[in-house]
Every structure is written in structure tokens, then in C-alpha cells.
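Take a look at the letters that make up each chain.
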Amino acid sequence: MAEKIYVLIDHANNRPRNSSLEALAMGQKMASETGMEIHGLILGADLGSVTEQLSRYELASIIVVENPSLREYNPDMYVHALAEILASDRPNLFLLAHTYQAIDLAPRLAARLRTALITDCIGYKTGDGSISFVRQMFRSKLNADVTVKSNHPWLVSLQAGAASADTLRPGNAPTVARPIDLSAVASRRQTIETIEATKGKVDLTRAEIIVGVGRGIKKQDNLPILQELADALGAEIGASRPVVDNEWLGRERQIGSSGQTVTPKLYVACGISGAIQHIVGMKNSGCIVAINSDPNAPIFNVANYGIVGDVLEVVPALTKKIKQERAT
Amino acid sequence: MKIFVCLKEVPSRDTRYEVSPQGDWIKEADLSFEINECDEYALEEALKLQEKFGGEVILLTVGSERAEKSMRKGLAMGADRGILIEDPNRQLISPLAIASVMAETLKKEQYDLILAGTQSDDYGYAQTGVMLAELLGLPHATIVMEVAADPQGAKVTALREMESGWFQRVQMPMPAVLTIQAGISHIRFTSLKGIMAAKRKEIRKVRLEETGVDVSALPALEVSRLYLPDTGKKAEMLQGDPETVVAQLVDKLRKEARVI
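If you're wondering where the values come from, they're calculated on a predicted model, not measured in any experiment.

Engineer: Could you clarify how one ought to interpret the environment of Leu95 of chain A in this entry?
Structural biologist: All names here are of chain A. In this structure, Leu95 sits in strand β6 (residues 93–97). Separated by 33 residues in sequence, Leu95 and Ile62 place their C-alpha atoms 14 Å apart. Contact partners of Leu95, with chain neighbours within four places excluded, come to Ile5, Tyr6, Val7, Leu8, Ala23, Met26, Gly27, Met30, Val156 and Leu158.

Engineer: Can you help me understand the interface of chain B and chain A in this one?
Structural biologist: A common way to state how big an interface is: give the accessible area lost once the parts meet. Listed by partner, the interface residues are 86 residues for chain B and 80 residues for chain A. At the surface where chain B touches chain A, the tally comes to 11 salt bridges. The partner of Glu325 of chain A in a salt bridge is Arg254 of chain B, with the nearest N and O atoms 2.1 Å apart. At the surface where chain B touches chain A, the tally comes to 42 residue pairs in polar contact (both at pLDDT 80 or more). Listing elements by their share of the side of chain B that touches chain A, those giving two or more residues are α4 (128–136), β7 (140–150), β8 (155–161), β9 (166–173), β12 (220–227), β13 (236–238) and α6 (242–255) of chain B. It is α6 of chain B that provides the largest number of residues to the side of chain B that touches chain A, a total of 10 residues. For the side of chain B that touches chain A, the residue count by class is 48 nonpolar, 18 polar and 20 charged. The pairing of strand β17 (residues 305–308) of chain A with β13 of chain B spans three bridges and is classified as parallel.

Engineer: So what exactly am I meant to see when it comes to the packing of aromatic side chains here?
Structural biologist: Centre distance and the angle of the planes are the two values used to describe a pair of aromatic rings. This structure, assessed with the given rule, holds seven aromatic pairs over all chains. Between Phe138 of chain A and Tyr17 of chain B the ring centres are 4.6 Å apart and the planes differ by 45°, which places this aromatic pair in the tilted class. Of this pair, Phe138 of chain A sits in the loop between β8 (130–137) and β9 (142–149) while Tyr17 of chain B sits in the loop between β2 (9–11) and β3 (33–35), each in a different chain. Across the pair, Tyr17 of chain B and Phe138 of chain A agree in class, each one buried. One aromatic cluster in this structure is built from Phe138 of chain A together with Tyr17, Trp25, Tyr123 and Tyr125 of chain B.

Engineer: Would you take a moment to explain unusual backbone geometry for this structure?
Structural biologist: What is expected of a backbone is that most residues other than glycine have negative phi and most peptide bonds are trans. All names here are of chain A. Cis geometry is found at the peptide bond from His152 to Pro153, where omega equals -5°. Relative to the assigned elements, Pro153 resides in the loop between β9 and β10 (154–158). Within the chain, Asp46 stands out as a residue other than glycine whose phi angle is a positive 55°. Tracing the sequence through the fold places Asp46 in the loop between β4 (37–44) and α2 (48–54). Asp46 gets classed as exposed once you look at its relative accessible area, which sits at 54%. At Phe138, a position not held by glycine, the phi torsion is positive, near 50°.

Engineer: Honestly, the sheet that holds β17 of chain A in this entry has me stumped. Any pointers?
Structural biologist: Backbone-to-backbone hydrogen bonds join strands into a sheet, with any given pair of strands oriented parallel or antiparallel. Spatial strand order, β14(A)-β13(A)-β15(A)-β16(A)-β17(A)-β13(B): six strands in an open sheet with parallel pairing. Single-partner strands in this sheet number two, and they are β14 (236–239) of chain A together with β13 of chain B. Going from strand to strand, the sheet's axes swing by 20° on average, the running direction of each strand aside. Taken together, the four bridges between strand β13 (residues 209–213) of chain A and β14 of chain A define a ladder with parallel strand orientation. Directly across from Gly212 of chain A, in β14 of chain A, lies its bridge partner Gly238 of chain A.

Cut-offs applied
Residues numbered from 1 in each chain as written. Chains lettered and ligands numbered in written order. Predicted model: local features only at pLDDT ≥ 70, side-chain atom pairs only at ≥ 80, totals over all residues. Heavy atoms only, no water. Helix = DSSP H or I, 4+ residues; strand = E, 2+ residues; numbered from the N terminus. Contact = heavy atoms within 4.5 Å. Salt bridge = Lys/Arg side-chain N within 4 Å of Asp/Glu carboxyl O. Polar contact = N/O pair within 3.5 Å; in protein donor to acceptor, adjacent residues only side chain to side chain. Nonpolar A, V, L, I, M, F, W, Y, C, P; charged D, E, K, R; others polar. Pairing = 2+ DSSP bridges. Phe/Tyr/Trp six-rings, centres within 6.5 Å; stacked < 30°, edge-to-face > 60°. Buried < 20%, exposed > 50% of the residue type's maximum accessible area, 1.4 Å probe, protein only. Axes fitted to C-alpha atoms, helices over the stretch in contact; angles between N-to-C directions.

Okay, structure coming up:
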């Protein structure tokens, strides 16, 4: 029997999520390098439209698990269904996007199967017949190659942007319906409501220039220094998560995975070290300037221009220079 | 209510890391350590629940002797006692191994809630709490921003963070495991009285062998190499005093990037 890669496809509003398509692209690459078969795996109810969209990619099959109990994500139902399929099919690898849902689902699934889970990977390396997974550690400051000693399947979750959905190879994938009986499974966790938190919010997605404020400004009293730069540039103020958690700025200004995703033409990151949760929200900005006191801060890996220095010294100098330029 | 809080010790937040000569771990010798950020918020939530409903807050840590210092800090914040599962030789690296020794230890205890941090600041796997729930057969919720317990009804309600500014409120029966997100409240200060009281509080040590877990039989994740990321997309670094660098920057933003 051929060795297999399964890729879990998450979906919303009858479309596969982009993060899942990225995982699928990574799976296709691994499959072509290793000779393994790649299969898409999709759970839910009324999946006709999503399945049809997935069938246009080069896959050995799309395994469609339709059941009314799977309509909305629920850990008890999803873990039960996936554990049953993975335990019987025994693929070598099970890939999924490292989303908030994956954080809720994948560790429980791995523990049920007593197998390895490597979370939040940004890539992989092969050599000597072995594979290692690349992931960030220590608040994204270091990278690690992680090797696995475990029976299959290995569960691997992939960070957003680990592969590009644009590289997906088109094809014509057959669909395989996979019935599952969940009548004996009790769902212990009930969803009471789903809420959008940032009412009356500031729409940073339309801003042309954003001054991003991080913990490096040290205290709330220093905010006017950043506001002056924003005023000089005609920019909006955005914030990293710690700044919002400290209540120096409102949550409506948070940029990153739990806040807004922005693509201004200029992003000036002031005292932001560049945790991945922030990076995913601003990395596609046209031009990124980073000012930070730590020369190894990961923000410099996504910036176009970097300045190592104290934000509280560099920013006032920058504001002054821009005002001079604007006056001439 | 009886609440266990899983507490991990990690290098301090502002550490500038150096890789060890073997290239597979950090140089730990000169680092300072502290309670993992999310775990400290988990403890804060537990203490708030205790203020409301009474009961006991117990710390559960896997680590070396060094971790006792972080546990004392947790006891000074108000936890009643602690259990340290000793791992002097850093054998317990994989989340499933850590969750397994915790689960075996907890099977001998009673509890209404287990709170853990969503993610650690060292490995950052974001797995242990959820695995613990599975190994103990308990319901769970992750990335929790708010906790509301109902001890009479034996139910707990949690507000979960989701992508892009959305939240989800979920309810489950107790006992349950919740993994707590950082930054959801204000961490209390430790008072001198608290620090003094902490010295007399019990930290019970459990040897790894006592848990009965055969770690070698469990799936293992091993770090084969640790290194500074080279993204190949490094920023052009501007050098000089503040006046010089900002002059260079403004020039480049106007003429190269053409964004101002």
C-alpha cells in the first residue's frame, strides 16, 4: 500500500480556508519529493460546493466526511471522527493549518492516537532518509529543527505563510464519501454565542501609513511621541498585543492574528520585537521600517529598513526630519 | 472549588539567547527564569475564582529544582501549595510526555478545574494543556480570555479568542481543563506578607519514577539543531546616531521606496 499524506481542509462560507490551501500546497510539495500519495480530508455537512472546488487540484482523492454533527467545529465530534479515520487508514503524515481551531483540536487528537504532533511548523528538511520540521521557539527569536520518534501518523500543523496557495498544482481529484457514525458520541462543550469584539472599531485596513506601537515604548506616557510621528506622516496608530493587553491603546487598534490584518504602503514598527502573531497581521505591507533596541529582534527579518536604537530617541528625530521635509 | 494550575518556568521575557556550543540548545548558565507568561495569567484566574468561591489553588510543575523559585513566586501570589514533578535531566521535552506525568499525578487528586497557559514561551508547542484534558478524559477549551464558574451547577463558561477579533463563548461540565491566554487581566503584585507566607507553604516533590510513566515508550520530539533564523530577507540596517539614521531613512523612503 502506498504511503500517504492526509491534509485536513478547514472551510468557511462554502470555501476552503486559504491557510488550508497553503497546507495542501505544502503537502503536494512533500508528496512529489517523497513519492507519497496526497489526499485531502474534509469534515462538515453539505460539503458539495467545497468538495467541487477542491477537486480541481492534483490529489489522489478527496475524502469527504459528511455528518450533521460535524456542521460546526466541536472538539468531541471532530476528534472522534478524525481519530477513527487516521487509526484505520494510517497515513504517514497528517497536515493541517496552525489555526486557533488546530490549537483546540490537534493536541487532543494526538493524545488520543498516542502519536506525535509538531505544531506551528514553517518548513521541513529532508536528508539521510529522515525528515525534520522547522519551527520557531523562544518567542520567535530562534529556529529549531525538530526530529520525531513516533509511530505514524505524525500530525503536523503549519504556520500561515509556510507555503503559498499560488503554487497548488491543478488536477482532477476523485471524491470518496466516507460515512461515519457519531450517534454514540456525546458533545460535552456547547457553544453559547459567537461575538465580534471590536465594535465602533478603527478600520486600519484602509490606512495608507501605519505607525505600529510595541512594548518597547516602555510606558503609556510615551504614547504622545508616537502620535506626533503619526501626525507628521498622516498615519494611523496601530498596536501590538502587549500594548493592548496593558491597556495603553484600545483593542480596536490591535494588529495581528487576533486583531486586524493590514497592508499599508508604509508600516513603521516602533519597539515591536516581531512575535509571529504580530507579523502575520502586517508582513504584506508595502514597505516596513523597524526601530528596535534588540539587533536580533525578528521584526528585522520582515523589515525593509532597520534601525537598532532606542525608540524614544529615534522616533522624535524622525518626526523632526519629516516635518522639515514636509515644510520644504 | 479546588483548582490545579499548571506552571512552567521559562527564560525571562527579554532574554537575548545564545545557542550552546553543541548547537542543539540555548546557553542556560547566565539566564534568569520566570513563570511562563500565560501560566501566570492562569494562576491569576484561579486566585480570582478562589476569592469568589473559596477552596484551594494548587500549583503543578514539571521541572528541575530551579523551578522551585518560580513556584515560590506563585505561592507568594496566593496559591496554597505546590507539586513539583522532578525532571532533573530534562528528559521530559515532548508535550505528550509532560502531559502524561501530569495526568498520572492528577489521577491521585481531586479537582474541579485545571488551568494551564495556552502556550509556553520556550518551546511554544501549545499542546500540553489540551493533551492533559484528553488523558484525563475531561472536556477542554483553549485560548481562554474569561472564565465564569458555576460550582453549584458544576458548569464552567469560557470566552475563547478566535481569529480576526472574533470570540466564542462555550460552556462545559466541570471538571474541565482551560488553557488561558496571556494579557486577559492584571497580575496581582506579591506582598511582603505573601512572600513570607510562601516560605512556609508546602511543595511536594514527586520523582519521575513515582508517576509510573514510561517516557521512552511515548512519541518524542527532539530538537536536533537550534539557530538564529536566516530568512534571507534581512532588513537593510541603517547605522549612525539618531539624526544620521533618520536622514538616511527619510531619503530612502522618498527615493527608493517612494512611500512618503
